[in-house]
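# Architecture and fold: a report
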Amino acid sequence: MRPGAAPIVSLRGELDIAGTDALEDLVLEVLLRHGPDVVIDGSAVTFCDARGLGALVRCANEARRAGGRLTLVRPSHRLRRLMRLVGLDRVLCAAAVPAPRRPGGSCSTMSTHLR
């Protein structure tokens, strides 16, 4: 991974009670191993409920406590709409920002299939 490049966690599937613990564990591991910044690619999230939103907020809080930032990029239409409804788009989302490029493997990508 290129120094200074935030690792990317790609989410796929439903972000609900069944996957929130796995997401939080993964993000904590990424923060411990790679530093305080993390990017979450939400382009393949097909469903998200209150537990999923809560997990994203808890992950963002952990990144902030570590001195960094969690950035959600490319949220799916459904996720972006839900986040806009509850006001989280202004806190977590960089909807217009494309996922960071990974030329030559300069940035690691970790995926989690939520369900």
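Every chain's residues receive numbers from 1 upward, in the order its sequence appears when written. Reporting in this predicted model follows two pLDDT cut-offs: at least 70 for local features of residues, and 80 or more for side-chain atom pairs to be given and counted; totals over whole chains, interfaces and linings ignore these cut-offs and use all residues. Values reported for side chains reflect all heavy atoms of the structure, with hydrogen atoms and water molecules removed beforehand.

Let's shift gears to the overall build of the protein. Of regular secondary structure, the protein possesses 4 helices and 5 strands. Walking the protein from its N terminus toward its C terminus, one meets helices and strands in the order β-α-β-α-β-α-α-β-β. Whether two residues are in contact is decided by their heavy atoms, any of which lying within 4.5 Å being enough. Considering only residue pairs separated by 6 or more positions, the protein has 79% of its internal contacts joining residues 24 or more positions apart. Where helices and strands are cited, they refer to DSSP runs of H or I of at least four residues and of E of at least two residues respectively, numbered from the N terminus.

For an α-helix the count is 3.6 residues per turn, leaving residues at separations of three or four pointing the same way. One fewer than the residue count of a helix, multiplied by 1.5 Å, yields its expected span. With 15 residues, helix H1 (residues 20-34) should cover 21 Å at 1.5 Å per step; its first-to-last C-alpha distance of 21 Å lies within 8% of that length. Exposure classes here rest on a 1.4 Å probe applied to the protein chains alone. A residue is buried below 20% of its type maximum, exposed above 50%, and partly exposed in between. Listing the buried residues of H1 in full gives Thr20, Leu23, Glu24, Leu26, Val27, Val30 and Leu31. Seen from one end, H1 has its buried residues packed into an arc of 165 degrees, which puts them on one side. Opposite the buried face of H1, at more than 90 degrees from it, the exposed residues are Asp21, Asp25, Leu32 and Arg33. Taken from the residues just after H1, Gly35 is the one with a positive phi, measuring 110 degrees. Our arc is simply the arc of the directions from the helix axis toward the C-beta atoms.

Below, the discussion takes up the nonpolar core. Put simply, a nonpolar core is a bunch of buried Ala, Val, Leu, Ile, Met, Phe, Trp, Tyr and Cys residues held in one set by side-chain atoms that sit within 4.5 Å of each other. By size, the foremost hydrophobic cluster in this structure holds 24 residues, and its most contacted members are Leu23, Ile40 and Leu70. Elements that contribute at least two residues to this core include exactly strand E1 (8-15), H1, strand E2 (38-48), helix H2 (50-65), strand E3 (70-73) and helix H3 (77-86). Ignoring any residue separated from it by four or fewer positions in sequence, one finds Leu23 in contact with Leu11, Leu15, Ile40, Ala55, Leu56 and Cys59.

Let's shift gears to unusual backbone geometry. Across residues other than glycine, the phi torsion is negative in most instances, and most of the peptide bonds are trans. In the Ramachandran plot, Arg74 falls in the positive-phi region, its phi being about 50 degrees despite a non-glycine side chain. Mapping Arg74 onto the fold places it in the loop between E3 and H3. Exposure remark for Arg74: the relative accessible area of 37% places this residue in the partly exposed category.

So, about the environment of Arg80. By the element assignment, Arg80 lies in helix H3. On the basis of relative accessibility, which here comes to 27%, the residue Arg80 falls in the partly exposed class. A sequence separation of 37 residues divides Arg80 from Ser43, and the C-alpha atoms of the two residues are 9.5 Å apart.

Attention now moves to the packing of H1 against H2. Only C-alpha atoms enter the line fits that serve as axes; for helices the fit covers just the stretch in contact. Angles between N-to-C directions range over 0 to 180 degrees. Put simply, H1 and H2 touch, their axes get as near as 9 Å, and they point 15 degrees apart. Taken together, the axes of H1 and H2 are roughly parallel relative to one another. Between H1 and H2 lies a crossing whose hand is right-handed. Each of Thr20, Leu23, Glu24, Val27, Leu28 and Leu31 in H1 lies in contact with H2, whose residues at this interface are Arg51, Gly52, Ala55, Leu56, Arg58, Cys59, Glu62 and Ala63. The residue classification treats Ala, Val, Leu, Ile, Met, Phe, Trp, Tyr, Cys and Pro as nonpolar and Asp, Glu, Lys and Arg as charged. All others, Gly included, are polar. Of the residues that constitute the contact of H1 with H2, the class distribution is 8 nonpolar, 2 polar and 4 charged. Any angle that is under 35 degrees is reported as roughly parallel, and any over 145 degrees as roughly antiparallel; angles of 65 to 115 degrees are reported as roughly perpendicular and all others as oblique. By the definition used in this description, the sense in which the near helix is turned from the far one sets the handedness, with an anticlockwise turn below a right angle giving left-handed and a clockwise turn giving right-handed.

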